[in-house]
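# Secondary and tertiary structure notes
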Amino acid sequence: MSGQKREAIKPGAKVDIVLKQDQRSGKLTRGVVKDLLTKSASHPHGIKVRLEDGQVGRVKNIITD
């Protein structure tokens, strides 16, 4: 599931994000959402989140088990 809609992402969700330094390569980082940083309902490049380990990036995929 894509990470462009804020309503689809909740704290505690497992997601793949792209970090600022990885935007050119597209390398994804997997983690668990701690905070949602984007205030708008949607964003074309993905909702910005902070993971539990402190890394910040835009959600590319929401992992559903």
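Up top is the structure.
These figures come from a predicted structure and were not determined experimentally.

Rules behind the numbers
Each residue is numbered by its place in its chain's sequence as written, counting from 1. It should be noted that, the model being predicted, local features are given only for residues of pLDDT at least 70 and side-chain atom pairs only at 80 or more, the latter also being counted only at that level, while totals for whole chains, interfaces and linings use all residues. Excluding hydrogens and water, the side-chain figures rest on all heavy atoms present in the structure. Each helix corresponds to a stretch of at least 4 residues labelled H or I by DSSP, and each strand to a stretch of at least 2 residues labelled E; elements are numbered beginning at the N terminus. Radius of gyration: C-alpha atoms only; globule rule: 2.2 Å multiplied by the number of residues to the exponent 0.38. Only protein chains enter the area calculation, which uses a 1.4 Å probe; residues under 20% of their type maximum are buried, those over 50% are exposed, and those in between are partly exposed. We call two residues in contact when some of their heavy atoms are within 4.5 Å. All accessibility values rest on the Shrake-Rupley procedure with a 1.4 Å probe; residue burial counts only the protein chains present in the view. Counted as salt bridges are all cases of a side-chain nitrogen of Lys or Arg within 4 Å of a carboxyl oxygen of Asp or Glu. Definition used in this section: a nonpolar core is a set of buried Ala, Val, Leu, Ile, Met, Phe, Trp, Tyr and Cys residues joined via side-chain atoms within 4.5 Å.

Helix and strand counts for the protein come out as zero helices and four strands. Written out in order from the N terminus, the α and β elements of the protein read β-β-β-β. Here the C-alpha radius of gyration of the protein, 10 Å, is about what a compact globule of 65 residues would show, namely 11 Å. If you line up the protein on its principal axes, its C-alpha atoms span 25 × 25 × 20 Å. The buried share of the protein, taken over its 65 residues, is 34%. The long-range share in the protein, meaning contacts at least 24 apart out of those at least 6 apart in sequence, stands at 49%. Total accessible area on the protein is roughly 4,200 Å²; 48% of this is exposed by carbon and sulfur atoms.

Two side chains with opposite charge may pair up if their charged atoms get near one another. The final tally for this structure, using the stated rule, is three salt bridges. Put simply, aspartate 16 and arginine 30 hold a salt bridge, and the shortest N to O gap is 2.8 Å. Linking aspartate 16 in strand E1 (residues 14-19) with arginine 30 in strand E2 (residues 28-36), this pair joins segments that are 14 residues apart in sequence. When the shortest N-O distance is used, the salt bridge between lysine 27 and aspartate 22 registers 3.9 Å. Residue class for lysine 27 comes out partly exposed when judged on its relative accessible area of 48%.

Okay, the nonpolar core next. With twelve residues, the main nonpolar core is built from Ile9, Ala13, Val15, Ile17, Leu19, Val33, Leu36, Ile47, Val49, Leu51, Val59 and Ile62. Elements that contribute at least two residues to this core include exactly E1, E2, strand E3 (48-51) and strand E4 (56-62). Broken down by element, this core gets its largest block of residues, three residues, from E1. Apart from the residues within four sequence positions on either side, isoleucine 9 is in contact with Gly3, Val33, Leu36, Ile47, Val49, Val59 and Ile62.

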